[in-house]
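The primary structure of each chain is shown beneath.
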Amino acid sequence: MVESWWWPFIVLAVASFSYGCQSADPVGKELGPVPRVDGGQALGYVAQILDCGPRYSGSAGAACARARVRTVLEASGWLVEEWAWTQETPRGAVEMVNLGARLPGIPQGRPKVLLCGHYDTKSLDEYPEFLSANDGGSSTGLLMELGSVLAQHGSDLGLDVRILFFDGEECVTEYGPRDGLFGSRRFAQAAETAAWREGVLVALVLDMVGDAHLTVTLPRDTAGWLAKKVFAAAERAGVREAFGYAAGSILDDHVPLIQAGIAAVDIIDFHYGSRPGANDYWHTDQDTLDKLSAESLAAVGNVVLEMLWVGEIGLRPPP
Ligand SMILES: [Zn+2]
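All values reported here derive from a predicted model rather than from experimental measurement.

1. Overview of the confidence of the model for the chain
Averaged over the chain, the pLDDT score is 91; the fraction of residues at 70 or greater is 91%. The low-confidence segment residues 5-29, where pLDDT is below 50, has 30 contacts with residues more than four positions distant or belonging to other chains.

Dropping the structure here:
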């Protein structure tokens, strides 16, 4: 992903004004207590994924990561589909694969919530062993742990929660209409996933969610009503101080989803570095497992669960 800083100040002013003037989110009390993720378990899954090595699109490491995701999700009862395609990139054709997981026995027509992340890593000539613990690893491990929690507690939500693992988020040379966000674009456009795009209430994209110094930076293009729901969920999860806005918009997997008419938010911490506000670990050999914490993964995972546990009515956009 990449951040742009040109966002007009007038939009910032309107966004903060509308946030301040709206009432509190409804919480679906009939859904029972909100479960919690096990941050240590999520971190263990991240380590399993990093064990696969570099996971750039088309690599053996990417295939290994897919197999580990499948093994964990299928063990708790998820049905996992793989959608493979040949992607033209600035460096030629690359075999890419998206993964989608759904729970069996969910009645048709339930409103869908998509939990999304990318599992690929950037191919960097200067860091051939780039493991990308936070950027691609953290969200993958957390989605695996969320899968375990939802397999136990998710079928009573009145929702059809599905988990998506996108390939090819990272650009080959430079982000543009023909480079980067390949997996999310494919999901947003392909006929084979049309049914997955029907009746989606909201898509929560997770990226770079493991930094021990967690500072979630919602992109400035987040819909105001959706940001409000994220912040309210963070409040209920007791981690509101770790959630704020980025300085600008961020180009990430939420963008193709929004362009396809899906309400999507990118829950991303784009301050991943050696000092507050810096992002100097991103796309370098400093993006390693020791920079992550179980607490941060639990914080983001619990915010996701708080969002889900308001149910359909609580997730709906304002009329
Ligand atoms: Zn990246």
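2. Considerations on the sheet that holds strand 2 (residues 79-89)
Taken in spatial order, the 6 strands make up an open sheet running 2-3-5-4-6-10, and their pairing is mixed. Only two strands of the sheet have a single partner each, and these edge strands are strand 2 and strand 10 (264-268). Between one strand and the next, the sheet's axes are offset by a mean angle of 20°, whatever the strand orientation. Pairing analysis gives 5 bridges linking strand 6 (residues 200-207) to strand 10, with the strands arranged parallel. Residue pairing across strands places V205 opposite D266, the latter belonging to strand 10. Across the sheet, helix 4 (residues 133-153) is in contact with strand 3 (92-102), strand 4 (112-118), strand 5 (160-166) and strand 6; its angle to strand 4 comes to roughly 145°. Running over the sheet, helix 9 (residues 294-308) touches strand 4, strand 5, strand 6 and strand 10 and is turned about 175° from strand 6.

3. Observations regarding the packing of helix 3 (residues 60-75) against helix 4
Packing of helix 3 against helix 4 brings their axes to within 9 Å, and their N-to-C directions diverge by 20°. On the basis of their axis angle, the class for helix 3 and helix 4 is roughly parallel. Crossing of helix 3 against helix 4: the hand is right-handed. Residue-level inspection shows A65, V69, V72 and L73 of helix 3 in contact with helix 4, the latter providing T140, M144 and G147.

4. Remarks on the packing of helix 4 against helix 9
At a minimum axis separation of 10 Å, helix 4 and helix 9 run at an interaxial angle of 50°. By the angle between their directions, the pair helix 4 and helix 9 is classed as oblique. Where helix 4 crosses over helix 9, the handedness of that crossing is right-handed. Within the contact between the two elements, helix 4 uses S138, G141, L142, E145, L146 and V149 and helix 9 uses L297, V300, G301, V304 and L305. In the contact of helix 4 with helix 9, the residues fall into 7 nonpolar, 3 polar and 1 charged.

5. Quick look at the environment of P317
In this structure, P317 sits in the segment after helix 10 (311-315). Taking the C-beta count within 10 Å as the criterion, P317 has 12 such neighbours and is therefore assigned exposed. In this structure the C-alpha to C-alpha distance between P317 and C171, which are 146 residues apart in sequence, comes to 32 Å. Contacts of P317, omitting those with residues within four sequence positions, involve W225 and A263.

6. A few points about helix 7 (residues 224-236)
Residue pairs spaced three or four apart in an α-helix point in one direction, given the helix's 3.6 residues per turn. Taking 1.5 Å per residue as the helical rise, helix 7 with its 13 residues ought to reach 18 Å, and the 18 Å between its terminal C-alpha atoms agrees with that figure. For helix 7, the full list of buried residues reads A227, K229, V230, A232, A233 and A234. Two residues or fewer after helix 7 comes G238, characterised by a positive phi angle close to 80°.

Conventions used here
- Residues numbered from 1 in each chain as written.
- Predicted model: local features only at pLDDT ≥ 70, side-chain atom pairs only at ≥ 80, totals over all residues.
- pLDDT = per-residue confidence, 0-100.
- Contact = placed C-beta atoms within 7 Å.
- Pairing = 2+ DSSP bridges.
- Helix = DSSP H or I, 4+ residues; strand = E, 2+ residues; numbered from the N terminus.
- Axes fitted to C-alpha atoms, helices over the stretch in contact; angles between N-to-C directions.
- Parallel < 35°, antiparallel > 145°, perpendicular 65-115°, else oblique.
- Left-handed = near helix turned anticlockwise from the far one by under 90°.
- Nonpolar A, V, L, I, M, F, W, Y, C, P; charged D, E, K, R; others polar.
- Buried ≥ 20, exposed ≤ 12 C-beta atoms within 10 Å, placed from the backbone.
- Expected span 1.5 Å × (residues − 1).

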